[in-house]
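Chain and residue survey
Next come the chains, spelled out residue by residue.
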Amino acid sequence: MNYQPNSAEVKEQLEGVLQRHFGCTAAEASREQMYKAAAITVRNLLSDKRSKYKKKVNGAGAKRVYYMCMEFLLGRSLKTNLCNLGLAKAYGEALGQLGFSLEDLYECEPDAGLGNGGLGRLAACFVDSLASLDYPATGFSLCYEYGLFKQMIVDGMQVELPDIWLPGGEVWLTPRTDRIYKVKFGGRVVENWKEGHCEISYEDAEEFEAVPYDMMISGANSTAVSQLRLWRARNINNFNMGLFTQGQYTRALEESNNAEIITKVLYPSDNHTEGKLLRLTQQYFLVSASVQSIIRDHMAVYGTIENLPDKVAIHINDTHPALCIPELMRILIDEYFLSWEQAWSMVTRTVSYTNHTVMPEALETWSEDLFRLRLPRIYTIVKEINERFCRDAWNTFTGNWNTISKLSIVGYGQVRMANLSVIGSHSINGVSALHSQILKDSTFKDFYKMYPERFDNVTNGVAHRRWLCYSNPKLAELISDCIGDGYRHRPEELSELAKFADDKTVLERLRAIKHENKIVFADLLYRKTGQKIDTHSVYDVQIKRLHEYKRQLLNALNVIGLYLDLKENPDLELQPQTFIFGAKAAPGYAMAKRIIKLLCMISRDIEQNPRIAEKLHLVFLENYCVSMAEALIPSAEISEQISLAGKEASGTGCMKMMINGALTIGTLDGANVEMQAAAGKENMFIFGLTAEEVEQLWLAGYRSSAYYTSNEKLAKIVNYLTVGFAGESFADIASYLLNGHGIADPYMCLADFESYRLTHERMIRAYQDKEKWNRMSLLNIAAAGHFAADRSIEEYAQRIWRLKKVK
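Report follows, based on the coordinates. Counting from 1, residues in each chain are numbered in the order their sequence is written. The predicted origin of the model limits local features to residues at a pLDDT of at least 70 and limits the giving and counting of side-chain atom pairs to 80 or more, whereas totals for whole chains, interfaces and linings rest on all residues. For side-chain calculations, the full set of non-hydrogen atoms in the structure is used, while hydrogens and water are omitted.

Another point: the environment of A131. Secondary structure elements follow DSSP: runs of H or I no shorter than four residues count as helices, runs of E no shorter than two count as strands, and numbering proceeds from the N terminus. Among the secondary structure elements, A131 is positioned in helix α6 (residues 118–132). For the pair A131 and L779, spaced 648 residues apart in sequence, the C-alpha separation works out to 29 Å. Only heavy atoms enter the contact rule, under which two residues are in contact if any of them lie within 4.5 Å. A131 has contacts with I217, S218, G219, S222, A224, V225 and S226, leaving out every residue within four places of it along the chain.

If you want it as structure tokens, here you go:
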């Protein structure tokens, strides 16, 4: 039985931490000190729980999964940990007795700056579910000092500022200076044959230390605690005192800062050589430190490397950690002196890979020259993997060198990470049924011919306890009143809620809860920004990375259409609508930044027209983050999932909004396909071209101008881009849609516009029938259990990682 302190014990622990760490009493403590004291007590509880669980895992000889990802978008930890541990009430009472509010302490915590979007949020959901389901798991990433960036909107333009999260977030991290590893870059590789094997040494290599910082991730009412190990880089010789004493202060500091640059920022811009070099360095630093840590822990328990694939599963989340394949080969061959064949068999039975994109530009490649220079030993191993693979591929594609060259890891001066990931993994999965089919039919079709048994699908899922139970407690209470609490641990039981689809009392409570959540979000927005929104308007929400294929621009075109209608006739009968966008654009992505400016200028223009603003509002959320999502998602009524069909791998925001009762307008793309199958066609609003129709239209020759000339309303909207908003013309975006640079309207906004507009109108008509809308909302919630991360993790654990629970 896990130790559960009562409120008196919590109070005593908090007072003890304040005295030991801050030298003050509760009466003297600031809110920030009390937040840190609460975090330290929770961290200590989790560390103790993790230690006990680790002994059970070691004693059982259980297989563990190590989940590698360049990002873990955790958000805040205090609330989730307290809710998972069942301690929120005890802490609330103890803090109240000490003169503090638990809700106020939640607000003290910064969002952990360790991620960007869906990839990192998925990883965070998965480590939560792994712990909740009692599977032994460790996540690996980097301890970024600044994370992605803090987004500021200045005159409609995105400006990137450092995301300073560590001063408040570091309290969750435990430095493990007893587990430091060395990572080498550059230099020359020297081979020495000795006693029948080849010993590898390095000359003139740059060497850094990888220092681990551990964060404990709680499970809900579970025995297990997941561990997230974050690596920070530092120089081995921390400071060049010789240079400093000679007066060369700047040079001395530059040398000591070389290592710190590696873990300074997530995803540095890579539109220049220095950025590419830093990204490659980050990726190898992550995998080298992580694989060394995995091997060390394995040997400490088992004392032999021979059973590694039976006891260890290494999962690479997208291609960023793909270098763990040659790095594991390096350790097995250079340090354990295994033959190539033995080592390769072990690697391919240990590693599995999730692909997250079909976008060609997102399938990572590196310049071969840069790769060889920075990672000389890894380069020779990758070359050998490639040569052996090409010989095997000849058996399948005899005489077809064009196909083999496309499948090769090294070719045309490039090193291809996606190809390495497929060749070195025993399992390759997509993240929705449609995405996985596209991988087999298109992206990796020739690999599928070689390795059909390796391809699988695991549709994404979200941490339903965090995104429903903790973020929307009133809705969770309603569901519990209807079907009991079982769904909290068995999300598939949400399907029982469908029995209440015609219960008017339940539907009325559902409507009231949604409206209360809208008021909560509106109040939060006003406190943070001073913006007021109409809580009786429809909350229409699109929250995603800003990317052309996600088509925030299509949404904007529809908003412009409504704006022009109201400009012509301010008395037009129109359901009040508030369009809410949350998105960050990559710093070097000019078109994405331009779309942000368009959205902000439309918003400003509407504000300058009070009559229009009575019925239409557009809000662009500056620096959208996890903690803001926890308030916004429970209030959302329309969920915009409008990517061009065939481009979105899955999406998880769609699932979070679905489980909170929002209705989806979307294309048949990513997870939308399965969501429609689960909820029923009549409970979603699908529009636009299918993936097959998109492909056929490209083959036939897509001409966006044909849609422009044949649709008077669309032409009017596109023309108005040239006129502009709030004094700024967006003629460049009009040109992008009609003329383009090579391809006009590459993501077919104009082709799908009319279908989108009409579907949106149909959705608004449905909204005005409150009982019908609430019934559809309830049926979406009832169908959302399938899209919980618990279901995804069970599929990974059983089919791919072959894990057993340790209780």
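A few words now on a nonpolar patch on the surface. Here the term patch refers to residues with relative accessible area over 30% and no salt bridge, with like charges joined within 9 Å and nonpolar side chains (Val, Leu, Ile, Met, Phe, Trp, Tyr) within 5 Å. Only the protein chains shown count as cover for residues, and the accessible areas themselves come from Shrake-Rupley with a 1.4 Å probe. In what follows, salt bridge is the name for a side-chain nitrogen of Lys or Arg lying within 4 Å of a carboxyl oxygen of Asp or Glu. Taken together, M152, V154, V159 and L161 make up a surface patch of nonpolar side chains, about 260 Å² in accessible area. Contributions of two or more residues to the nonpolar patch are made by β3 (150–154) and β4 (157–161). Here V159 lies in strand β4. Burial classes follow relative accessibility: with a 1.4 Å probe on protein chains only, a residue under 20% of its type's maximum area counts as buried, one over 50% as exposed, and anything between as partly exposed. Assessed through its relative accessible area of 31%, V159 is described here as partly exposed.

In this section: the sheet that holds strand β19 (residues 577–582). Read across the open sheet, the six strands follow the order β20-β19-β18-β21-β22-β23; overall the sheet is parallel. Edge strands, defined here as strands with exactly one partner in the open sheet, are β20 (616–621) and β23 (685–686). A strand pair is defined by DSSP finding two or more bridges across the two strands. Both strand β18 (residues 538–543) and β19 contribute to a ladder of six bridges, which runs parallel. Along β19, the bridge assignment pairs D540 with F579. Every angle, taken between N-to-C directions, lies between 0 and 180 degrees, and every axis is a line fitted to C-alpha atoms, over only the stretch in contact when it is a helix. Packing of helix α24 (residues 590–607) onto the sheet brings it into contact with β19 and β20, and relative to β20 it is tilted by some 140°.

Here we come to the pairing of strand β16 (residues 427–430). Of the two faces of β16, the one carrying S427 and N429 and the one carrying I428 and G430 are both buried. Alignment of strand β12 (residues 351–354) against β16, held across three bridges, turns out to be parallel. Across the sheet, residue T354 finds its bridge partner in β16, namely N429. Sheet analysis places β16 next to strand β17 (residues 455–457), joined by three bridges and oriented parallel. Note on β17: the bridge partner recorded for N429 is D456.

On to the nonpolar core, then. In this structure, L14, M34, Y91, F285, L323, F371 and W801 are the most contacted members of the largest nonpolar core, which totals 212 residues. Leaving out residues up to four positions away in the same chain, W801 has contacts with K63, V65, Y67, L130, A313, H315, S352, I793 and Y796. To define a nonpolar core, start from buried Ala, Val, Leu, Ile, Met, Phe, Trp, Tyr and Cys residues and group those joined through side-chain atoms within 4.5 Å. One finds I560, L618, A734 and Y736 within the second-largest nonpolar core, a separate group that totals 72 residues.

Glancing now at the side chain of R465. Note that R465 resides in helix α20 (residues 464–470). Here R465 falls in the buried class, since its relative accessible area comes to 4%. A polar side-chain atom of R465 sits 3.0 Å from a polar atom in the side chain of D790. With sequence-adjacent residues up to four places away left out, R465 is seen in contact with D128, S129, S132, A220, Y470, R488, H489 and D790. Each polar contact in these results corresponds to two N or O atoms within 3.5 Å; when the atoms are within protein, one needs to be able to donate a hydrogen and the other to accept it, and residues that are neighboring in sequence are counted only if both atoms are side-chain atoms.

In short, geometric facts, not functional conclusions.
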